[in-house]
Amino acid sequence: MIHTSPTHLDSRKDVLTPADAYDAASVRYDEWKWQAFWRSTEAPFVLNTIGRHTDAERDSLLDVGCGTGFYLKELQPYFRSSVGIDVSQGMLSIARARAPLSEFIHADSAEFRSNTRFDVVLCTRVLSHLEDYRISLRMMMQMLKPKGLLLISNVDASHPYELTKLPTADGSVMAATFKHRQSSINEYLKLAGMQLISDAVFCDDASSPVTNLSAAHAKLGWASAFQFI
Ligand SMILES: C[S@@+](CC[C@H](N)C(=O)[O-])C[C@H]1O[C@@H](n2cnc3c(N)ncnc32)[C@H](O)[C@@H]1O
């Protein structure tokens, strides 16, 4: 995830769109060195928060930027139906095999529309690939049922990355990446009428591949869960 120095991302020919980068990385994504960190920090928070707020009436899940379908598979016992959307066909094809009971749609989060409303909308570490997260967050809020849960996670803006370096079958690719502060995203959702019901930060620890941070226990990621008031 760490890459230093570039200041003019748009002019860099080796920086791919998220769709192209994740297509190239899809076959190696689940072995990526960062997975151990997110699975040991973010995943318990996501699964516990959704488990706590899920009951018989909370039966549909939308996973925005579902990647290879890790959460759709893990959350299948909680939901009668689940939908994953992703901009990468490569990631979706792995997710389809992993979570065959879910429905999958190839879509950009900024353009996705559906008449269905969901009890839970989940979006893990996708907003850092969006230059403007507001359109996608508006879509996610529109997709929620009245008492639905919106759970967002992201790479922390203080994490010293400029791009996301993803492994591929024969090397690596760089995906365009943007920094957004947790406080800005939380504030945007609050102004839209949502209430923060639970949050967490994920700090550097033994499972993190980061070795050159100046501050020990640096904040690498965060998650926030919201409901409409
Ligand atoms: C870091 S991966 C996270 C995948 C999955 N949420 C997880 O937790 O493993 C980011 C995912 O977001 C997807 N993505 C990036 N930009 C997107 C967009 N605008 N719309 C939909 N998916 C997007 C990528 O293709 C990739 O699968």
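Each remark here, short or long, concerns the structure printed above.
The text that follows walks through the structure, step by step, so that each part is easy to find. Owing to the predicted nature of the structure, the values given are computational and were not obtained by experimental measurement.

Cut-offs applied
- Residues numbered from 1 in each chain as written.
- Predicted model: local features only at pLDDT ≥ 70, side-chain atom pairs only at ≥ 80, totals over all residues.
- Core = buried A, V, L, I, M, F, W, Y, C linked by C-beta atoms within 7 Å.
- Buried ≥ 20, exposed ≤ 12 C-beta atoms within 10 Å, placed from the backbone.
- Helix = DSSP H or I, 4+ residues; strand = E, 2+ residues; numbered from the N terminus.
- Contact = placed C-beta atoms within 7 Å.
- Pairing = 2+ DSSP bridges.
- Axes fitted to C-alpha atoms, helices over the stretch in contact; angles between N-to-C directions.
- Near = placed C-beta within 6 Å.
- Nonpolar A, V, L, I, M, F, W, Y, C, P; charged D, E, K, R; others polar.
- Arc of directions from axis to C-beta.

## A closer look at the nonpolar core
If you look at the biggest cluster of nonpolar residues, it comprises 58 residues, and the most contacted ones within it are Val121, Leu122, Leu150 and Leu151. Top element by residues in this core is strand β6 (residues 144-155). It accounts for six residues. Once you skip the residues sitting within four places of it in the chain, leucine 150 turns out to touch Val121, Met140, Met141, Leu144, Met194 and Phe226.

## A few points about the sheet that holds strand β3 (residues 81-86)
Spatially, β4-β3-β2-β5-β6-β10-β9 is the arrangement adopted by the seven strands of the open sheet, whose pairing is mixed. Looking at which strands have only one partner, the edges of the open sheet turn out to be β4 (103-106) and β9 (194-203). Strand-to-strand twist of the sheet, defined as the mean angle between neighbouring strand axes without regard to direction, takes the value 15°. Summarising the sheet, β3 and β4 pair through four bridges and their orientation is parallel. From the neighbouring strand, valine 83 faces β4, where its bridge partner is glutamate 103. Packing of helix α4 (residues 89-98) onto the sheet brings it into contact with β3 and β4, and relative to β4 it is tilted by some 175°.

## Let's talk about the site of the ligand
Within the structure, the ligand sits among 20 residues, and Tyr22, Gly65, Gly67, Ser88 and Ser109 are positioned closest to it. When contributions to the shell around the ligand are tallied by element, the ones reaching two or more residues are α1 (18-25), α3 (70-75) and β3. Considering only residue class, the shell around the ligand consists of 11 nonpolar, six polar and three charged.

## Remarks on helix α5 (residues 134-142)
Inspection of α5 places Ser136, Leu137, Met139 and Met140 among the buried residues, and these make up the whole buried set. Burial along α5 is one-sided: seen end-on, the buried residues are contained in an arc of 155°. For α5, exposure combined with an orientation more than 90 degrees from the buried face picks out Ile135 and Gln142. Those residues of α5 that are buried are in contact with β2 (60-64), β5 (118-124), β6 and α6 (182-191).

## A short note on the sheet that holds strand β7 (residues 163-168)
Working definition: the strands of a sheet are paired by backbone hydrogen bonds and lie parallel or antiparallel to each other. Judged by pairing direction, the sheet is mixed, and its three strands sit side by side in the order β1-β8-β7 without closing on themselves. Edge positions in the sheet fall to β1 (15-16) and β7, since each has one partner strand and no second. Inspection of the sheet shows β1 paired to strand β8 (residues 171-176) by two bridges, in the parallel sense. Within β8, the position partnered with leucine 16 by the bridge is alanine 175.

## Considerations on the environment of valine 121
Inspection of the secondary structure assignment puts valine 121 in strand β5. Separated by 31 residues in sequence, valine 121 and isoleucine 152 have C-alpha atoms that sit 8.4 Å apart. What valine 121 contacts, discounting residues up to four positions off in sequence, is Leu62, Val64, Met140, Met143, Leu144, Gly148 and Leu150.

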